[in-house]
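# Reading the structure
Here is what each chain is made of, one letter per residue.
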Amino acid sequence: MAIERTLSIIKPDAVAKNVIGEIISRFEKAGLCIAALKMMKLTRQQAEAFYGVHRDKPFFDDLVEYMISGPVVVQVLEGENAIAKNRELMGATNPKEAAPGTIRADFADSIDANAVHGSDSPETAAQEIAFFFKDDEIFPRFD
Ligand code: YYY
Ligand code: MG
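Residues numbered from 1 in each chain as written. Chains lettered and ligands numbered in written order. Predicted model: local features only at pLDDT ≥ 70, side-chain atom pairs only at ≥ 80, totals over all residues. Heavy atoms only, no water.

## What about the UniProt feature "active site" (unreviewed entry) in the protein?
- The residues that UniProt annotates with the feature "active site" (unreviewed entry) are His117.
- Tracing the backbone through its elements, the reader meets His117 in strand β4 (residues 116-118).
- When its relative accessible area of 10% is taken as the criterion, His117 is described as buried.
- Contact partners of His117, with chain neighbours within four places excluded, come to Leu7, Ser8, Ile9, Lys11, Phe50, Tyr51, Asn86, Met90 and Glu128. (UniProt positions renumbered as here; feature names shortened; annotations may be inferred. Helix = DSSP H or I, 4+ residues; strand = E, 2+ residues; numbered from the N terminus. Buried < 20%, exposed > 50% of the residue type's maximum accessible area, 1.4 Å probe, protein only. Contact = heavy atoms within 4.5 Å.)

## A word on the environment of Lys29
- Examined against the element boundaries, Lys29 turns out to sit in helix α2 (residues 20-29).
- Looking at Lys29, the relative accessible area reads 73%, which means it is exposed.

## So, the side chain of Arg104
- Relative to the assigned elements, Arg104 resides in helix α6 (residues 103-107).
- Buried within the structure, Arg104 lacks any salt-bridge partner; its nearest side chain of opposite charge belongs to Asp13, at an N-O separation of 8.4 Å.
- A distance of 3.2 Å separates a polar atom in the side chain of Arg104 from the backbone oxygen of Gly91.
- Reaching out from Arg104, the side chain makes a polar contact with the backbone oxygen of Val116 at a distance of 2.8 Å.
- Once you skip the residues sitting within four places of it in the chain, Arg104 turns out to touch Lys11, Arg87, Met90, Gly91, Ala92, Thr93, Pro95, Ala98, Asn114 and Val116. (Lys, Arg positive; Asp, Glu negative; His and termini not counted. Salt bridge = Lys/Arg side-chain N within 4 Å of Asp/Glu carboxyl O. Polar contact = N/O pair within 3.5 Å; in protein donor to acceptor, adjacent residues only side chain to side chain.)

Below, the structure is given as structure tokens:
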């Protein structure tokens, strides 16, 4: 299995709950490494662009308001099968449907405040990583 990179966001509800460390610890315990990391408050323009694929969905406006409601922690995770592994650790989009022991089951409040984002394919991972990080801000962990 190839080493992959994926983009993870610890969303405003999880930052407010003071579980940044607990969430990052789950990534590390699962064999994923932090290759880049920053804390930031998204602008409305950034949130709208990042979630542009959902522009026509009924939840889009609420999603944007939520994503700019407080600081987030944006990370590049690197490791074997990182994209699928992160999605597995996250659990289903709706925390009520998320498997026990997943990040969303344990920390998410609702489907719209669901603790974490993770890229869903190699194509979106590449786009989302480039959205937040320059090449020289990413540190390869598996040389
Ligand atoms: O990739 P993932 O975050 O699991 O779900 P998406 O279907 O890509 O939706 C992105 C984001 O939108 C989701 O994390 C919460 C929000 N959302 C919502 O508020 N209500 C829905 N019915 C579906 C998604
Ligand atoms: Mg998605």
